[in-house]
Amino acid sequence: MFCLSLAAVSTTVAFVGRALAHSGSLGANAGRGVAVPTWLFLATGGGVVGVSFVLSSLATDREFLRYVHEYRRTVGTTRHDLLVGLGRAVGLLGLVVVLATGFLAGRSEFPVALLADVPADPLRNAAILLVWGGWWAGLAMSSYLVGNSWPVLNPFRTIAGWLPSLDRELPVDGGWLATVGLLTLIWVEVVSPLADAAQLLATAVALYGVVTVLGGVVVGDDYFTEYDPVARVFDAYGRVAPLTVEDGSLKLRSPGAGLQTPWVDSTGDIAFIVALLWGTTYDGLVATAPWAGFARAVVGFGVPPVLLYPLVLAVGFAGFLGVYLLSIRYGRRIADTTLDSAALAARFAPSLLAIAAGYHVAHYLGYFLNLVPALANALANPLSPGQAFVLTIPGWFGLASLTFVIAGHVLAVWVAHGVGYELFPSRIQAVRSQYLLTLVMMFYTMTSLWIVSRPYEAPPFL
């Protein structure tokens, strides 16, 4: 059911008109490119990650590591029901704004003059700005920088909660189904004009909403924790965050502490984490000049453009997943442990989410800041916004991306270090188990930094 619905969404949005750009195009050059030699940029990032592994290896006090992991401080008790109700209302209102300003954009046949003023201009249309700037950039960043609020804001979860549930289980692994769903959504976002066509975006949101609500009715609330790729993305990012809700209280914890708690149960869950990491990387990769040159060369050899983007998406995901699993397999041999590779892969996989979060903020912070004035303008009067303005991002902001990427990787190394000391009784085993994993993290680091260092260029053949 889910795969069929994704196919419907894909058919609707992937081949309608010419894709003017993907979501990054609204703030395409915000924070992209750096003014230092590429080799120095990459070597610095890889070196810092390597040094962080050496330094973290010096932290051998298990009591200290356990204290950092288990630290919690209550920062407030809240009227939970009131906040949940308010959050759900905000989510539903946001959905109404997206659908209304999306479907009505640029139309002039309505008798009410006010409705005819809804602009199709991407920098003035509330649907486009709210989805890409406010939700996928702003809210997604808040989920790992602050805490995950999407379970409350999710309007489709709210609607599904109002309807009776059949409480059925789908005969597929939730992790793999969510992985396929996530990769499909990434492909659709890249190859279709969703960043520029408000009516098409509203259609995609409506179709996805129908699928999601139907899933919630068939499966129940577990659909949003097991099968819905978007809900799983926010849940995964939320485990990086310093704030969490436990026992009805808002609590402060160490950043990344949620990644050390065992919660990955299957290979599908591992695949989803890798897909999230690779998906953000892919989104940045296809907006670089080297990719444009590669794509033109491959198409020149006879590969149809329509196959190029999904093929590279699938091959890149398989490569990222394979490299990770191989590092765990051989890391197990080096550590000389009786734990099997599947168990080790499940325990170390969440550390990769810190890398994904670091690259996401590097990729989207400049984009979000660039669009804040336009987003505020559109939300102030969604049906007839005034003149749009964007914030000019200074050139040095590209160097700040280095900090964000490296910070995510350093946190990933620390999380993996803590997991190693939880798993292995021997200090040397804990350190050795991370040798190859750290090299893989350095590979991920240098790949991310290389992409961040490249100026934006519109993907060809779209």
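Residues numbered from 1 in each chain as written. Predicted model: local features only at pLDDT ≥ 70, side-chain atom pairs only at ≥ 80, totals over all residues. Heavy atoms only, no water.

Engineer: Residue-level account of the overall build of the chain, with values.
Structural biologist: When its secondary structure is counted, the chain shows 20 helices and three strands. In the chain, buried positions account for 55% of the 462 residues. Long-range contacts, defined as pairs at least 24 residues apart, comprise 83% of the intrachain contacts of the chain with a sequence gap of at least 6. For the chain, the exposed area adds up to about 19300 Å²; of that, 67% sits on carbon and sulfur atoms. (Helix = DSSP H or I, 4+ residues; strand = E, 2+ residues; numbered from the N terminus. Buried < 20%, exposed > 50% of the residue type's maximum accessible area, 1.4 Å probe, protein only. Contact = heavy atoms within 4.5 Å. Areas by Shrake-Rupley, 256 points an atom, 1.4 Å probe, with all protein chains shown as cover.)

Engineer: Tell me what's going on with the pairing of strand β3 (residues 249-252), and back it up with residues and numbers.
Structural biologist: Where burial is concerned, the two faces of β3 differ: the one with Ser249 and Lys251 is buried and the one with Leu250 and Leu252 is not. As judged from the four bridges shared by strand β2 (residues 243-246) and β3, these two strands associate in the antiparallel manner. Bridge pairing in β3 places threonine 244 opposite lysine 251. Where β2 folds back on β3, the antiparallel hairpin that results is connected by two residues, among which aspartate 247 adopts a positive phi of roughly 55 degrees. (Pairing = 2+ DSSP bridges.)

Engineer: Go over the environment of valine 172, please, and point to the residues and values.
Structural biologist: Note on placement: valine 172 falls in the loop between α7 (155-162) and α8 (174-191). A C-alpha to C-alpha distance of 9.4 Å links valine 172 and tyrosine 227, two positions 55 residues apart in sequence. Excluding residues within four positions of it along the chain, valine 172 makes contact with Leu177 and Tyr227.

Engineer: Explain the nonpolar core to me, using residue names and the numbers behind them.
Structural biologist: Ranked by size, the top nonpolar core spans 120 residues in total, and within it Trp132, Tyr282, Tyr309, Tyr324 and Phe348 carry the most contacts. Among the elements that take part in this core, helix α17 (residues 352-380) stands out by supplying 16 residues, more than any other. Grouped together as the second largest cluster of nonpolar side chains are ten residues, Val218, Val219, Tyr223 and Phe224 included. (Core = buried A, V, L, I, M, F, W, Y, C linked by side-chain atoms within 4.5 Å.)

Engineer: So what about the pattern of salt bridges? Which residues, and what values?
Structural biologist: Per the counting criterion, the structure on display carries six salt bridges. Ionic pairing is found between aspartate 235 and arginine 239, a salt bridge with its closest N-O pair at 3.3 Å. Across the pair arginine 347 and glutamate 422 runs a salt bridge, and its minimum N-O distance is 2.6 Å. Here glutamate 422 lies in helix α18 (residues 397-423) and arginine 347 lies in helix α16 (residues 341-348), a separation of 75 residues in the sequence. Judged by its relative accessible area of 13%, arginine 347 falls in the buried class. (Salt bridge = Lys/Arg side-chain N within 4 Å of Asp/Glu carboxyl O.)

Engineer: Explain the packing of aromatic side chains to me, using residue names and the numbers behind them.
Structural biologist: All told, the structure shown has 17 aromatic pairs when counted by the stated rule. When the centroid spacing of 5.8 Å and the interplanar angle of 40 degrees are considered together, the rings of tryptophan 135 and tryptophan 136 count as tilted. Relative accessible area serves as the criterion here: at 16%, tryptophan 136 is assigned to the buried category. Residues tyrosine 144 and tyrosine 237 carry aromatic rings whose centres are separated by 4.9 Å and whose planes lie at 70 degrees to one another, so their mutual orientation is edge-to-face. In this pair, tyrosine 144 is assigned in helix α5 (residues 126-145) and tyrosine 237 in helix α11 (residues 229-238), connecting sequence segments 93 residues apart. Of the residues examined, tyrosine 237 reaches a relative accessible area of 0% and is grouped as buried. What links up through ring pairs into an aromatic cluster is the set Trp135, Trp136, Trp150, Phe234, Tyr364 and Tyr367. (Phe/Tyr/Trp six-rings, centres within 6.5 Å; stacked < 30°, edge-to-face > 60°.)

Engineer: Requested: an account of the environment of leucine 308, with residues and values cited.
Structural biologist: Within the element layout of this structure, leucine 308 appears in helix α15 (residues 305-335). Separated by 153 residues in the primary sequence, leucine 308 and phenylalanine 461 place their C-alpha atoms 9.6 Å from one another.

Engineer: With reference to specific residues and values, describe helix α14 (residues 289-300).
Structural biologist: The terminal C-alpha atoms of α14, which comprises twelve residues, lie 17 Å apart, in line with the 16 Å expected from a rise of 1.5 Å per residue. On its buried face, α14 is in contact with α13 (267-285) and α15. Looking one or two places after α14, you find glycine 302, whose phi comes out positive at around 110 degrees. (Expected span 1.5 Å × (residues − 1).)

Engineer: Residues and numbers for unusual backbone geometry, please.
Structural biologist: For aspartate 167, which is not glycine, the phi torsion reads 55 degrees and is therefore positive. Of note, aspartate 167 is situated in the loop between α7 and α8.

Engineer: Now, about a nonpolar patch on the surface: what can you tell me, with residues and values included?
Structural biologist: Judged by side-chain polarity, Leu83, Leu86 and Val90 come together as a nonpolar surface patch covering roughly 280 Å² of accessible area. Tracing the backbone through its elements, the reader meets valine 90 in helix α4 (residues 80-103). Its relative accessible area of 47% is what places valine 90 among the partly exposed residues. (Patch = residues over 30% accessible without salt bridge, like charges linked within 9 Å, V, L, I, M, F, W, Y side chains within 5 Å.)

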